[in-house]
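Listed here are the chains, written in short residue letters.
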Amino acid sequence: MQINQPSNQIRLTNVSLVRLKKGKKRFEIACYKNKVLEYRSGIETDLDNVLQIPNVFLSVSKGQTAPTQDLAKAFGPKTSVDDIIQEILRKGEMQVGEKERHAQAERIHNEVVDIVAGKLVDPRSKRVYTAGMIEKALEQLSSQHAKHKQDDPGKGSGTATPTAEGEEGKGKKKEMPTWTGVVTTKGAKSQALEAMKALIAWQPIPLSRARMRLRVTCPTSILKQGVKAPKKEVQDDEDAEGEKAAGTVKDRILSYIEQVETQDTEDQDWEVVGFVEPGAFKGLGEFIGGETKGRGRVEVLDMAVVHEGD
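What counts, and at which threshold
- Residues numbered from 1 in each chain as written.
- Predicted model: local features only at pLDDT ≥ 70, side-chain atom pairs only at ≥ 80, totals over all residues.
- Heavy atoms only, no water.
- Phe/Tyr/Trp six-rings, centres within 6.5 Å; stacked < 30°, edge-to-face > 60°.
- Helix = DSSP H or I, 4+ residues; strand = E, 2+ residues; numbered from the N terminus.
- Buried < 20%, exposed > 50% of the residue type's maximum accessible area, 1.4 Å probe, protein only.
- Pairing = 2+ DSSP bridges.
- Core = buried A, V, L, I, M, F, W, Y, C linked by side-chain atoms within 4.5 Å.
- Contact = heavy atoms within 4.5 Å.
- Expected span 1.5 Å × (residues − 1).

### Describing the packing of aromatic side chains
Reasoning step 1: For the coordinates displayed, the defined rule picks out two aromatic pairs.
Reasoning step 2: Seen from their ring centres, Tyr256 and Phe287 are 6.3 Å apart, and the 40° between their planes marks the pair as tilted. Here Tyr256, found in helix H8 (residues 249-256), pairs with Phe287, found in helix H9 (residues 278-292); they are 31 residues apart in sequence, far enough to count as distant.
Reasoning step 3: Using a relative accessible area of 22% as the deciding quantity, one classes Tyr256 as partly exposed.
Reasoning step 4: Phe287 gets classed as buried once you look at its relative accessible area, which sits at 9%.

The structure is reproduced here in structure tokens:
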């Protein structure tokens, strides 16, 4: 007697699985290798190029497709299969083999290096470093971190090196950021930010953030108004009561700008274009918003101004 395979039994091999647990059930989809990351990054948009088969499974290894009632209970009765698949692709956990994991780590590593190389410069020449020099600097930080953990395993997790002289209270200083290499569980942008913080903190080579180029516009009617210094600037002055004057609005704006490119007055507005350290951008924006009551503005003309090497 012929034994037929049940209609909901589908056998697939050589796949990358994406799993999502929802409504007390675990759902899986079978994808082509390396296509999930391309879909999540926006490189690939066609589901036909991502999925080996446009079905949702309870178990791909057993070839067991998910019953319609289970999908409706977990995702809603009006949710289409395509929408369910897209949600699993976006939110699910990807199961990959060793080769795929290594390829993924290499891609993220290259992305991190490229991002960092475009954001950091030599503070003296303002020129960018090559990707190879950034890569060597990160490798140096990673090696130093590993050596520190080996030499002093009692430091706990080893994610940072304490700089505090005391163990508790207000005297405890912030710990230095470190770099241990890329991981596949976090995005390249967030890891690039961590890498930049560590590079700037430890300076394996001279590094600083590339300056931002901004345009600041402010009504001329308030430029000469006096402003008060923040309390932290006057707290050591025993004769000061609360806050004291610290120049005009124009003086304060210019204090945020490291290098002025142009200044001009047109109609009722004063405009200055210049270069600002990224760390000063937030403070400048808050000052403009507070002092001008929304009449002034800060525009970003270039997120990172660098000079290319010869």
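So that's the structure; there's more coming.
### Quick look at the pairing of strand S8 (residues 211-219)
Look at any regular strand and the pattern is simple: side chains alternate between the two faces of the sheet.
Reasoning step 1: Taking burial as the measure, the nine residues of S8 include seven buried ones, the bulk of the element.
Reasoning step 2: Taken together, the six bridges between S8 and strand S13 (residues 297-305) define a ladder with antiparallel strand orientation. The partner of Arg211 across the bridge, within S13, is Val305.
Reasoning step 3: Pairing between S8 and strand S12 (residues 269-276): eight bridges, direction antiparallel. Considered in S12, the bridge of Thr217 is made with Glu271.

### Notes on the nonpolar core
Reasoning step 1: The biggest cluster of nonpolar side chains holds 21 residues, and the ones touching the most others in it are Phe27, Ile29, Cys31, Val56, Phe75, Ile88 and Leu89.
Reasoning step 2: Residue assignment for this core shows that the elements contributing at least two residues are strand S1 (16-22), strand S2 (25-31), helix H1 (35-40), helix H2 (68-75) and helix H3 (81-91).
Reasoning step 3: Among the elements that line this core, the one with the most residues is H3, at four residues.
Reasoning step 4: The contact partners of Val56, leaving out residues within four places of it in the chain, are Phe27, Glu28, Ile29, Thr65, Ala66, Leu71, Val81, Ile84, Ile85 and Ile88.
Reasoning step 5: In this structure, Ile108, Ala117, Tyr129 and Met196 belong to the second largest nonpolar core, which totals 20 residues.

### Here's the deal with helix H4 (residues 98-119)
Helical geometry note: an α-helix holds 3.6 residues per turn, so side chains three or four residues apart project in the same direction.
Reasoning step 1: Between its first and last C-alpha, H4 extends 32 Å over 22 residues, near the 32 Å set by a 1.5 Å rise per residue.
Reasoning step 2: All of the buried residues in H4 are Glu100, Gln104, Ile108, Val112, Val113, Val116 and Ala117.

### Quick word on the environment of Ser142
Reasoning step 1: Checked against the element boundaries, Ser142 lands in helix H5 (residues 131-151).
Reasoning step 2: Assessed through its relative accessible area of 23%, Ser142 is described here as partly exposed.
Reasoning step 3: Setting aside residues no more than four positions away along its own chain, Ser142 makes contact with Trp179, Thr180 and Gly181.

The analysis is restricted to geometry; functional conclusions fall outside its scope.
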